[in-house]
Structures are given as C-alpha cells and as structure tokens.
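Chain and residue survey
Below, each chain spelled out in residue letters.
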Amino acid sequence: MNIPKFGVSYFGNRFPGHAHRDLVVISQCCDYVVHTVSETDLHHHKGALGKIFHESRKVGLEIWADPWGLGGVFGGESFSRFLLDHPDQWQRYSDGRPAPAACLNSRRFRDYVKEWIGVVADLGAQVIFWDEPHQSFTWTLEWEGVYSCVCSRCQDLFREATGGSLPARLGPEVLDFRRKTIKGFLEEVMAYARKKGLKNTLCLYAFEGYHPYEELWNDLASLPDLDIFGCDPYWRWNRGAKDPSDHVRHFAEKLLRTARPGQGSQLWIQAMRLPSGAEGEIGWAVRAAAEAGVTHVAAWSFDGGALLDSALSENPARVWAETSKVFSILKGT
Ligand SMILES: [Zn+2]
C-alpha cells in the first residue's frame, strides 16, 4: 500500500511555548502541519507565528499556511478586516444585495492576498493551502438563479468579453464567467506564490451532482501552478452519516482521476465534529484514502476539534487519539 504524507491543521493558539509542546506531539505522527493564518494573525500575531513556524521546522514538520477566511473568500472561522476597510471591494448579488466577501476581480483584494503570501513566505511557510475558495453563494439563492458577483468591476469585464451586461439570473454565459473569474484569481495568486518559492495546494468541497460544480472542479485541478489537488469528504456533516470508507474511497478515486500525471492528491479526514463512539471511523477513512493511493492525507483538526464550536467533537481527546494512532501505524513509527 502507498503510504501517504500525513498532516493536521493547527489553530487557536499563539503562545509559542504551548505550540512547541503540541508540535512535538504532532511531529510523532505527521509529516506536515497546516497553520491557519487569518487576517487577525496578519495584523496582530506575526511575531508569535514566526516562532511557531520556527518550532514546526525544528521538530521536522513541513509548514503549510492557510489563508483562513481571508476576505470572506476562503474557508475558516475568522472575520475579515479587509471587508471593513474596503466596503467598495465587496461582491454584489444579482438581486442587488451586497455579499460579505471580497470580489475576486478586485485588484485591491488580489494585492492583499499577495501581501499575505509575502508575509507567510517570510515567516517560513513552504506550501500554501488554498482552502475552499469560493464566490459568495447560498444554495437557496443558487436554485433561484441569484448569483454573485455583479459589481461594477465584474460588469465591465463581462461587457468587455461578451458585449452585454451581466443578467439578473444565472445562465450558461454567467456560469462560464464565474468559473473564469475564480480560475483567473487562483492562477494569479498561485503564480505569485510559486515565484516566492512556495508550493500550491488546493482543497475543494467534496460535492457532486451539480454540473457547473463538476466543470469548476475539472478547471481548477488543471491550474498550471497547482502542485497538490485535494478535497474534504467529511462523512458526518450536514446530511447525516455516510459510510466513511465508501465515501472517502469514492472521492479519493475521483481526485486521482482528475489530477494530472505527477500532480499530488490530498484527502482531508474528518477528525472533528464526531459523536462519542464514532471515533473508530477515522481509522477506516484514513486506510481507505491510503489504499486508493492519494499522496497526502490530512486531518482537520489537531485535538479533535476541541477548540471550535462548529468543529467540536463529543470526545475530542478520543478523536485525536484515534487520528494519531492510525497515522503512526501506517507510517510505521
Ligand atoms: Zn465583482
């Protein structure tokens, strides 16, 4: 069986001494650590984060940095100062309402993301983990055909490309424009990260059955500077429990079918938000991902999601114990 590289996300603590103790534990079962770097970190915690990154390297972990909730565009339980400072850079829904996320065609936002890349590169990051980038949407609006973004920047770009205005409802031309927008945004920031000597990893929602999303999935996997393509098929989330092995294997195989030759593949394991008694599912899921042949497996998150309300497990200590146990067994450590 292929033995993937193992990693885990780490957040919620900015005390270097405490982080050192956690990182020693993580280094016993993982090859890399995914540090969230939010806008709060960018404004207030660079000094401590530099030390935490340094500690990560010292214990032998590769350092991944996650633009956590940046501009409301990426996944992450974090607020955006950029949106407060730049109300004119927000997205706008096609029914006229402002959307609380930065427009992906905003020059200011793209430059802000590059500033973030420069900071994490200086702090010692080696890989950027582009976490669930998305245009603002809700399923209710999407089914009604209401979409984002129709701000003046996007209107100008759409008019340049097609000669017409962005319509009020989703249609093939809008879907095409929306896909090109997110692709263009990621292409630019990934190229910048590459120039800074960093690798790029992308995680998309593990969702299927909606044609526009399948097209987006294929398009983003083919981004030229993308080193590792991934998704997060959590089997106990909003719509009841699925079989962990089947669910993870299905998406692992889908990742491997989509990834181009030589490109890495990463599968995220649900090590959070688990009810008591379900912790053993982690082992089945990790083995299914490894047997399918992905190159990277990661757990969200360290300590079983003991920190976040949205990620809290009933017994976080057991969730982490199960995660570290199966990682260690497979690594042979
Ligand atoms: Zn826009």
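Refer to the structure presented above.
Residues numbered from 1 in each chain as written. Predicted model: local features only at pLDDT ≥ 70, side-chain atom pairs only at ≥ 80, totals over all residues.

Re the overall build of the protein chain
The cut-off we apply is this: The secondary structure listing takes helices from DSSP runs of H or I that are at least 4 residues long and strands from runs of E that are at least 2 residues long, numbered from the N terminus. In this treatment the radius of gyration is a C-alpha quantity, and the globule benchmark scales as 2.2 Å times the residue count to the 0.38 power. Once C-beta atoms are placed from the backbone, each residue is buried if 20 or more other C-beta atoms lie within 10 Å of its own, exposed if 12 or fewer, and partly exposed for counts between those two. Residue pairs are scored as contacts if the distance between their C-beta atoms, which are placed from the backbone, is within 7 Å.
Regarding its fold elements, the protein chain presents 12 helices and 12 strands. Here the protein chain has a C-alpha radius of gyration of 20 Å; the compact-globule value for 333 residues is 20 Å, and the two agree. Each principal axis of the C-alpha atoms in the protein chain carries an extent, and together these give about 60 × 45 × 40 Å. Within the protein chain, the fraction of its 333 residues that count as buried is 47%. Long-range contacts, defined here as pairs at least 24 residues apart, represent 76% of the contacts in the protein chain between residues at least 6 apart.

What to know about unusual backbone geometry
The omega torsion across Ser148 and Cys149 is 25°, close enough to zero to call that bond cis. Here the bond from Trp300 into Ser301 is cis, since omega is 15°, no more than 30 degrees from zero. Inspection of the secondary structure assignment puts Ser301 in the loop between strand E12 (296-300) and helix H12 (316-331). If you check the backbone angles, Glu132 has positive phi at about 50° while not being a glycine. Within the element layout of this structure, Glu132 appears in the loop between strand E6 (127-131) and helix H6 (139-144). Assessed through the 16 C-beta atoms surrounding it within 10 Å, Glu132 is described here as partly exposed. Although it is not a glycine, Arg273 adopts a positive phi angle of roughly 50°. By the secondary structure assignment, Arg273 is in the loop between strand E11 (264-270) and helix H11 (281-292). Among the residues examined, Arg273 registers 22 C-beta atoms within 10 Å and is labelled buried.

Some points on the environment of Gly264
Mapped onto the elements, Gly264 comes out in strand E11. Distance from Gly264 to Ile26, taken between C-alpha atoms, is 22 Å for residues 238 residues apart in sequence. Excluding residues within four positions of it along the chain, Gly264 makes contact with Asp227, Ile228, Thr295 and His296.

Quick notes on the nonpolar core
Just so we agree on the cut-off: In this usage, the nonpolar core is the set of buried Ala, Val, Leu, Ile, Met, Phe, Trp, Tyr and Cys residues whose C-beta atoms join them within 7 Å.
Judged by nonpolar contacts, the single largest core of 103 residues is most densely connected at Val33, Ala125, Leu267, Ile269 and Ala289. Considering every element that reaches this core, the biggest residue donor is helix H8 (residues 172-195), with eight residues. Excluding anything up to four places from it in sequence, Ala289 contacts Val248, Ala252, Leu267, Ile269, Val294 and Val297.

Let's talk about the pairing of strand E2 (residues 32-36)
We count it as follows: Strand pairing requires that DSSP identify at least two bridges connecting the strands. Orient the strands so they point away from the viewer; a crossover is then right-handed if the path from the first strand over the helix to the second runs clockwise.
For E2, a buried count of five out of five residues is recorded, marking the element as mostly surrounded by other parts of the structure. Here E2 shows a buried face lined by Tyr32, Val34 and Thr36 and a second buried face lined by Val33 and His35. Taken together, the four bridges between strand E1 (residues 5-10) and E2 define a ladder with parallel strand orientation. By the bridge assignment, Tyr10 is partnered in E2 with His35. Handedness of the E1-helix H1 (residues 16-27)-E2 crossover: right-handed.

Thoughts on the pairing of E1
By the criterion of burial, E1 is predominantly enclosed, with five of the six residues buried. In the sheet, E1 pairs with E12 via four bridges, with the strands oriented parallel. In the strand pairing of E12, Val8 is matched with Ala299.

Without other data, these values stay purely geometric and don't point to any function.
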